[in-house]
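# Working through the structure, step by step
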Amino acid sequence: DAILTDAQYKAAPGIQMIPTVAGAIVPTYNLSGDDGKPITATIKFPYTSVADIFLGKIKKWNDPVLTTANPDLKLPAKDILVVHRSDGSGTTFAFTDYLSQVSPEWKSQVGSASAVKWPTGLGGKGNEGVSGTVAQNDSAIGYVELAYALQNKLAYGSVQNKAGEYAKATTESVQSAMADFGTDMGDKLAISIANAPGKSSWPIATYTYLLVYMDQTDCTKAQKVVGFIKWALSDGTKFANELLYVPLPDAVKSQVLA
């Protein structure tokens with residue numbers, strides 16, 4: 001999911017990013033109330049609150065920022081345990097890209113990359129490591145891709161987007177985020193769709209890419225690669241929906257095929 005840097009392009013001349021689908025990343029949590037019962041309702045996270053939680057600035061679940069946004073929930077006075085990826089990952093790139101766009105403090109102190117120096121919290125390897133650590137620790141919060149949250153029945157929140165609306169992660173809200181940024185992908189065929197401005201857009205969204213060398217030396221292998229990409233963007237699209245990812249807009253698809 002990480003967009004290649006100029007240095008990475010130089011290190012791998014002739015490589016091309018090929019968008020395949022888009023997806024959502026969600027804040028997942030494990031929290032029980034003062035009565036000991038799990039809070040299964042959707043917690044609303046105001047605009048900069050996710051960044052402030054991962055910066056360690058919002059330390060408790062009953063912080064006024066969260067309680068004001070969730071007047072119908074009795075959030076407990078428990079310390080928030082932040083859980084993040086310990087390994088480098090595209091999910092982390094997309095998540096920290098989002099955090100950098102909503103929080104100047106995050107951008108200057110931590111930044112966006114596949115692996116960053118986290119200000120606070122515990123590390124877990126892979127989506128399964130993060131979700132496992134969240135599941136094992138009451139009052140924990142982490143980030144995973146939506147498909148993983150749904151398949152593993154994890155609670156996850158809604159997030160206030162740039163337009164001020166509390167969005168939920170759905171196929172439609174990711175499609176809205178893609179539409180907000182248009183379909184001109186440029187020569188690199190890669191753009192960030194984080195912090196989209198639309199009222200119905202999910203703010204923590206990303207394209208995911210194949211990396212392909214355009215000048216292939218093995219013609220048979222090259223034909224197989226091209227055949228696979230063509231299939232993935234035609235008949236294969238139905239599997240994207242089943243696997244909880246979002247197919248490319250037609251205009252992006254045509255650029256990839258071209």
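Residues numbered from 1 in each chain as written. Predicted model: local features only at pLDDT ≥ 70, side-chain atom pairs only at ≥ 80, totals over all residues. Heavy atoms only, no water.

### A look at the packing of aromatic side chains
Quick reminder of the rule: Ring pairs shown here join Phe, Tyr and Trp side chains whose ring centres sit within 6.5 Å, with only the six-membered ring taken for Trp; geometry is labelled stacked below 30 degrees between planes, edge-to-face above 60, and tilted in between. The secondary structure listing takes helices from DSSP runs of H or I that are at least 4 residues long and strands from runs of E that are at least 2 residues long, numbered from the N terminus. Each residue is assigned to one of three classes by its accessible area relative to the maximum for its type, calculated with a 1.4 Å probe on protein chains only: buried under 20%, partly exposed between the two thresholds, exposed over 50%.
Taken as a whole, this structure holds 12 aromatic pairs when the rule is applied. With centroids separated by 5.0 Å and ring planes inclined at 70°, the aromatic side chains of F54 and F95 adopt a geometry described as edge-to-face. Here F54, found in helix α2 (residues 49-55), pairs with F95, found in helix α4 (residues 90-102); they are 41 residues apart in sequence, far enough to count as distant. Here F54 matches F95 in class, with each residue buried.

### Concerning the pattern of salt bridges
Applied cut-off: We define a salt bridge as a side-chain nitrogen of Lys or Arg found within 4 Å of a carboxyl oxygen belonging to Asp or Glu.
Overall, the coordinates contain 8 salt bridges when judged by the stated rule. A salt bridge links K57 to D52; the shortest N-O distance between them is 3.8 Å. Among the residues examined, K57 registers a relative accessible area of 47% and is labelled partly exposed. The closest approach of N and O atoms between D79 and K60, which form a salt bridge, is 2.6 Å. With a gap of 19 residues between them, D79 in the loop between α3 (64-69) and β3 (81-85) and K60 in the loop between α2 and α3 connect regions that are remote in the sequence. When salt bridges with common partners are traced through the structure, they connect D52, K57 and E105 into a single cluster.

### Description of the sheet that holds strand β7 (residues 166-167)
What counts, and what does not: Two strands qualify as a pair provided that DSSP identifies no fewer than 2 bridges between them.
In space, the 3 strands of this open sheet follow the order β2-β6-β7, with mixed pairing throughout. Edge positions in the sheet fall to β2 (44-45) and β7, since each has one partner strand and no second. In terms of strand pairing, strand β6 (residues 158-160) meets β7 through 2 bridges, oriented antiparallel. Across the sheet, the residue bridging to V159 is A167, located in β7.

### Notes on helix α9 (residues 219-232)
As a reminder of what qualifies: Multiply 1.5 Å by the residue count of a helix minus one, and that product is the helix's expected span. Each polar contact in these results corresponds to two N or O atoms within 3.5 Å; when the atoms are within protein, one needs to be able to donate a hydrogen and the other to accept it, and residues that are neighboring in sequence are counted only if both atoms are side-chain atoms.
Between its first and last C-alpha atoms α9 spans 20 Å; for 14 residues at 1.5 Å apiece the expected length is 20 Å, and the two agree. If you check the start of α9, you find a side-chain oxygen 3.1 Å away from the backbone N of T220, and it comes from D218.

### With respect to the side chain of Q160
Under the convention used in this document: Contacts are assigned to residue pairs that have any heavy atoms within 4.5 Å of one another.
Structurally, the position occupied by Q160 is in strand β6. Judged by relative accessible area, which is 18%, Q160 ranks as buried. In terms of polar contacts, Q160 uses its side chain to reach the backbone amide nitrogen of Y47, at 2.9 Å. From its side chain, Q160 meets the backbone oxygen of G164 in a polar contact 3.1 Å long. In contact with Q160, other than residues within four places in its own chain, are F45, P46, Y47, E165, Y166 and P203.

### With respect to a nonpolar patch on the surface
Our working definition: The patches reported here contain residues having more than 30% relative accessible area and no salt bridge. Joining distances are 9 Å for like charges and 5 Å for nonpolar side chains (Val, Leu, Ile, Met, Phe, Trp, Tyr). Accessibility throughout is a Shrake-Rupley quantity obtained with a 1.4 Å probe, and a residue counts as covered only by protein chains that appear here.
A surface patch of nonpolar side chains, amounting to about 390 Å² of accessible area, comprises F228, W231, F239 and L243. Positionally, F239 belongs in helix α10 (residues 237-242).

### With respect to the environment of A190
With respect to the helices and strands, the residue A190 is situated in the loop between α8 (171-180) and β8 (205-213). A C-alpha to C-alpha distance of 10.0 Å links A190 and T206, two positions 16 residues apart in sequence. Other than its neighbours up to four places away in sequence, A190 contacts I3, M17, M185 and Y209.

### As for helix α11 (residues 250-257)
Heads up, the condition is: Of all possible arcs, the one meant is that of the directions from the helix axis to the C-beta atoms.
Three or more residues of α11 are buried, namely V252, K253 and V256. End-on, the buried residues of α11 take up no more than an arc of 100°, which puts them together on one face.

Nothing here speaks to function; it is all geometry.
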